[in-house]
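Analysis of the macromolecular model
Residue-level listing of the chains:
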Amino acid sequence: MREAQGGVVLSIDGEAVSVPRGTNLAALLVGRASGATRTSVRGEPRAPLCGMGICFECRVTVDGIPHVRACMTLCRAGMHVTTPGAQGGRANA
Amino acid sequence: MRELTCQVAVVGAGPAGLAAAAAATERGADVLVLDENPAVGGQIWRAARGSHGPRRAVQRLRARAAAARFESGVTVVDAWAAPLGLHVVRGTMERDSTACVRAEALVLATGATERFLPFPGWTLPGVLGVGGLQALVKGGLDVRGKRVLVAGSGPLLLAVAASLVKTGAVVVAVLEQAPKRAVLRLGLGLVAWPGKLTQGAQLLTALRGVPLWHSAWVHAVEGEDRVRRVRTKVDGHERTFDVDFVACGFGLVPATQLGELLGCARNGANQGDGLRVDDDLSTSTPRVFAAGEATGIGGVDAALAEGELAGLAAARAALGPPPDGARANADVRALARGRAAVARHRRFAARLERVYALRAELRTLAQDDTLVCRCEDVPLGALRPFDDAREAKLATRCGMGPCQARVCGAALQFILGWEREKPRPPLVPIPFAALAEAGAGEPSART
Amino acid sequence: MSAAHVIVVGAGIVGAACAEALARSGARVRVLEAHRPAGSATAAGMGHILVLDDSEAQLALTKRSRELWDARADDWPSSVERDVCGTLWVAADDEELEHVDTKLAWYTARGITVETLDGGEVARLEPNLRSGLAGGLRVPGDSVVYPPAAARHLLDLARRSGATVEVDRPITSVGDGWVTTRDGARAEADVVVVAAGLATPMLLDAAVRPAHFALVSKKGHLAITDRAPGFVRHQLVELGYLKSAHGNATTSVAFNVQPRATGQVLLGSSRQLGATDPRVEREVLARMVRRACEYMPALAALSVVRVWVGLRPATVDNLPVIGPLPAAPRTWLATGHEGVGITTSLGTAELLADMVFQRRPVLDATPFLPARFEHEVHAHA
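Keep in mind that this is a model prediction, so the values were computed, not measured.

What follows deals with the sheet that holds strand β1 (residues 2-5) of chain B. All names here are of chain B. A sheet is described by the order of its strands in space; here 4 strands give the open sequence β1-β7-β6-β5, paired in mixed fashion. Only two strands of the sheet have a single partner each, and these edge strands are β1 and β5 (74-80). The sheet shows a mean angle of 25° between the axes of neighbouring strands, taken without regard to direction. Two elements, β5 and strand β6 (residues 85-90), share 6 bridges in a ladder whose sense is antiparallel. Among the inter-strand pairings, valine 76 is bridged to a residue of β6, identified as valine 88.

Okay, structure coming up:
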C-alpha cells in the first residue's frame, strides 16, 4: 500500500480527491474509472499517451486555465481540475 | 520581459544535460540549466527520489554543478542564434511568466520522444507508450494487480516490464517486434560491455514467468470507452489478451525541434535522425552544442559521456581561449578522453539501432480508417492521396493540432516516408500573453 | 475560341479560379504549378471574404466576388468551412465612429447592406471586446472560408471540365503565348495566364514585361489558437486596418481576428513592406498581439498553437493586375491581389474569362489592366 506522505486534497470534476504529495496529475486522472482526460474532435474519449508532454492528450482545465498538460503538472492542495469529457462529451480538443 | 544571462545555457536536465552542467561548471563557466519538468532527471531518471541508482547519479552530478542555476518547469518556445538567445515560458500555470535567456554558448540536451505507430484502437484510453506508462507509474499511478501488455520495440520494453512487475502489475506478455536471433546476437555481443550484460541478466531475472515473444506485435486494441482486450500476432498466430493497459512504443526519436529552430543540421533518418554534431559535439550552428539522445538514440551511458564532452566544449567556447598552457593542456587531455568515451558509447548505440530496426509489417498495422493524427482526428486513408506532410496538412488538418505533428509526424515518416516539416515557434502552445512580451532590443531576425 | 488551349501558371486560389472559369467556358486548360496547389500565399491567408471600400474599383471587384462566393454557397464542400459570420469594423473612439457614418453611406449607395452599431450593441454582439469602444459597422454578408480547401475544390471543378493540373512544374520564363519549364522545354498556348503571385514579374520575359510593372511583398504574420468555441462570432477588424494596408509605414499592425469553424481563433494582421523573409519575427508578432489585446484583452489567455507568415503580392496602386499584356496579347496576368486575394479570386477569374472569350465583362476592367504599368503608376491618395 502506497503510504500517503502528507496527503493533498484537490477537486476533479467537482469531486474531492486526496493523493500523496508529489502525485502527477495525469497519473491521478488515468487511475480513475474512466481514465479519460478529454474528448476528441470526433467525440471519442482520450487519455494520456506519452506521459511526457508531447502528445497533448492530457489537456485539462486547471483553476480555470484550459489546455494545461496534466502530465507536466503536480497535484497541489486546492487545485480545481475539470475534464471537458465530463461535460456531456462536448469536443474540447 | 525578464532577462537571464549566463555563459553556458543547458536545455534539458536529463542525464546529458546534468552531465553538461557539471562539466561546464567545473570548467569555470556560469551555467544556467533549463528544464520543463517539475524535477530534474529527464525521462530515464524521472522521480529519481524513488530509486537508489538514479538518485545517487543525480546527486553526484548536481553536487558537481552546485554553482549552476537551475530553472525547472520552464519550456523553451523559441530560440535565435546570433546573438544566442532563448525565449522561455514558465510552466503551464503562471501564464505571465516569460523570460529571455542570453548565453555565450548553448548545450541542447533535449532528449527523445517515443515513436508511436498507429494501429486499430490505439486511441482508446488505456493505450500508452512504454515510457508513457512508466512515467505515469513513477508519477503515482497505481498498477498493482492491473493487467498490462508491453509491446513495440527496443531495450525500453524489458526495462519497463521489469519495473512494472516490481510495482505489482501483472505483465501478461512482452512483445518485441525485432527477431529473436537479432536480439540474441546483441546479448552475446554484450560481452564487450560487462555492465550492460549484468543489467540484461538482471532484467531477464526480474521477468521470469513473463512470456517474452519476438517477431511479435499488437494487431488491434478493443474496448468501448477504454482498452479491454488486445489482439496480437505471435509466432504467426493470433493471441488475444484481456488487459487494463497496453504499453506500446516503437523506439525513440531524437527531439530536434529546438536545434532546428537554431538552424542546426540534422542527420538523415537512416543515420539516426538526430542533430548532427562533430567530434566535440558542436552542431552546425556556432556556439551551439548538443548531447544525449538529441544527437541520436544511444542510451544513458552515451548521454552521460556526451554531456561531459559537450559541457566542457561549451564552457571553452563561452570562456574563450585558456589563460595558460597548463589549462590548455588539461583541456586537450579532457577533450581526448571525452571523445574516446563518446566514440565507445556510439558504437554500442549503432548496434542497438540495427538490432531494433522496425520491420516492414509495422507499416501495415494502420488501416485506412485508423486515426493517424490524434489532435485533429485524421485517418490514414485521408492522407494517402498526398505526397508530403505539408500538402496533407493543408488539405486534411493532419499536424495542425497542439502536438505540432510530434506524434503523427514520426509515424508518417515511417509509414509513408514523409519528411517531417521544419518546426516553427512557438515550440509548444503558449498564451498570447507570452508572445506579446518580446520587447525592443530583441533581435528580430534569426540566422 | 471555344477550343482554346490555355496554360495557367500557378495553382494558388487565383490560378485555380481562373482555370475553373476558363475550363467551364470550354477552354482546354493546363495548370502548371511550381510546387504544390494552394501552398503559398493561399495557404497563409485568413480567408476573409469581404467587400472593401478603399476605392471604387476595389469595391466593384470585391462586391462582385462576394456575390460569386454566395452564388456557389451550396457547391462548397464542408472542408471549405464557409461561415457567413459577417464583418464587424470596430471604432475605438468618436473620431473613428465618424468614419463609420461615412462608410455606411458609401456602402449603402453601392448596394451593400451594412448597419451601424453603438458601443453597447458592439459589446453585446462580441462580449470579449474591451468595454468602452465607441461603436462599429457590421457587414452581415461577409464570410470566412478555409482557402486551401476552396482552391483545391476549384481545381477539382476545373478537372471535371477537362483541365489538367501538373505539380512540381516550375516555369522559368513566360513570353507571348509560351512558357518555358525548368527542363528547358517550351510549351505554347493560345492563352497563357500568369497567376504566380510575387514571382510573376521575374517570370515575364523582358520583351513582354510592362516597363513599370512590379510587385512588392507585404509580409504578414498570423497566429491560430487552440479551440475556444464562441470566443468571437464575427470577423473583427479595427477601422485603422486600411491605414495599415495602404499606408507608407514600413511595418504596421492592425487588430484583425476571425472565428474558425473548428472553434479556433485566427489572429492577424501585420504588414512589412518589402519583407520577403518567410521566418516569424518576434518583435512584429509581439506588436500585432499587443494591438489585438488592446481591443480584446481576453485574447491574452488563449493558447496559441501555431504562428506563420504569408507574403502578399501587392502593386504600387493597391489594385490587382488583371488582363492582357500590351506587348503580348496572348499572355494575361492575374496577380497582385495584396490582402484580398481569396475574396477576389472569383471576381478576377470571371473578369479574365470574360475578356479572354470576348464576352461583355460584368466589371469595368480598366483599373486592373496591365497596360497601366507601361507608364509610372502612383499610389492612390
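Attention now moves to the domain arrangement of chain B. All names here are of chain B. As far as domains go, chain B holds domain 1 (2-113 + 253-353), domain 2 (116-250) and domain 3 (360-415). The interface of domain 2 with domain 3 comprises 9 residues on the first partner and 12 residues on the second. Partitioned by chemical class, the residues of the side of domain 2 that touches domain 3 number 7 nonpolar, 2 polar and no charged.

This next bit is on the confidence of the model for chain B. All names here are of chain B. With 96% of its residues at a pLDDT of 70 or more, chain B shows a mean pLDDT of 92. This model gives residues 440-447 a pLDDT under 50, and the stretch forms 17 contacts once residues within four places in sequence are excluded. For this predicted complex, the interface confidence comes out at an ipTM of 0.93, alongside a pTM of 0.92.

Averaged over all residues, the pLDDT of chain A equals 85, while 84% of them reach at least 70. When pLDDT is averaged over each element of chain A, helix α1 (residues 25-30) of chain A comes out on top at 97 and strand β6 (residues 65-69) of chain A at the bottom at 86.

Chain B puts 36 residues into the contact, and the matching count from chain A is 39 residues. If you list the elements that add at least two residues to the side of chain B that touches chain A, you get β9 (112-114), α3 (130-138) and α12 (406-415) of chain B. Considering each element in turn, the side of chain B that touches chain A owes the most residues, 5 residues, to α3(B). In the side of chain B that touches chain A, the residues fall into 14 nonpolar, 12 polar and 10 charged.

Attention now moves to the environment of Arg330(C). All names here are of chain C. Tracing the chain through its elements places arginine 330 in strand β19 (residues 328-335). Separated by 155 residues in sequence, arginine 330 and glycine 175 place their C-alpha atoms 8.7 Å apart. With sequence-adjacent residues up to four places away left out, arginine 330 is seen in contact with Asp176, Gly177, Asp190, Val191 and Val192.

It is worth spelling out the packing of helix α1 (residues 15-26) of chain B against helix α2 (residues 52-64) of chain B at this point. Residue and element names in this part refer to chain B. Running from N to C, α1 and α2 cross one another at 30°; their axes reach a closest spacing of 8 Å. When the axis of α1 is compared with that of α2, the two are roughly parallel. Of the two elements, α1 crosses α2, and the hand of that crossing is left-handed. Contacts between α1 and α2 involve Leu18, Ala19, Ala22, Thr25 and Glu26 from the first element and Val58, Leu61, Arg62 and Arg64 from the second. In terms of residue class, the contact of α1 with α2 is made up of 5 nonpolar, 1 polar and 3 charged.

On to the sheet that holds strand β3 (residues 31-35) of chain B. All names here are of chain B. Judged by pairing direction, the sheet is parallel, and its 5 strands sit side by side in the order β4-β3-β2-β8-β19 without closing on themselves. Lying at the two open borders of the sheet, with one neighbouring strand each, are β4 (69-72) and β19 (288-290). Across the sheet, the axes of successive neighbouring strands diverge by a mean angle of 20°, strand direction being ignored. As judged from the 4 bridges shared by strand β2 (residues 8-11) and strand β8 (residues 105-108), these two strands associate in the parallel manner. The partner of valine 10 across the bridge, within β8, is valine 107. Along the sheet face, α1 touches β2, β3 and β8 and points at about 170° away from the line of β3.

Criteria and thresholds
- Residues numbered from 1 in each chain as written.
- Chains lettered and ligands numbered in written order.
- Predicted model: local features only at pLDDT ≥ 70, side-chain atom pairs only at ≥ 80, totals over all residues.
- Pairing = 2+ DSSP bridges.
- Helix = DSSP H or I, 4+ residues; strand = E, 2+ residues; numbered from the N terminus.
- Axes fitted to C-alpha atoms, helices over the stretch in contact; angles between N-to-C directions.
- Domains from an automatic or database assignment.
- Contact = placed C-beta atoms within 7 Å.
- Nonpolar A, V, L, I, M, F, W, Y, C, P; charged D, E, K, R; others polar.
- pLDDT = per-residue confidence, 0-100.
- Parallel < 35°, antiparallel > 145°, perpendicular 65-115°, else oblique.
- Left-handed = near helix turned anticlockwise from the far one by under 90°.

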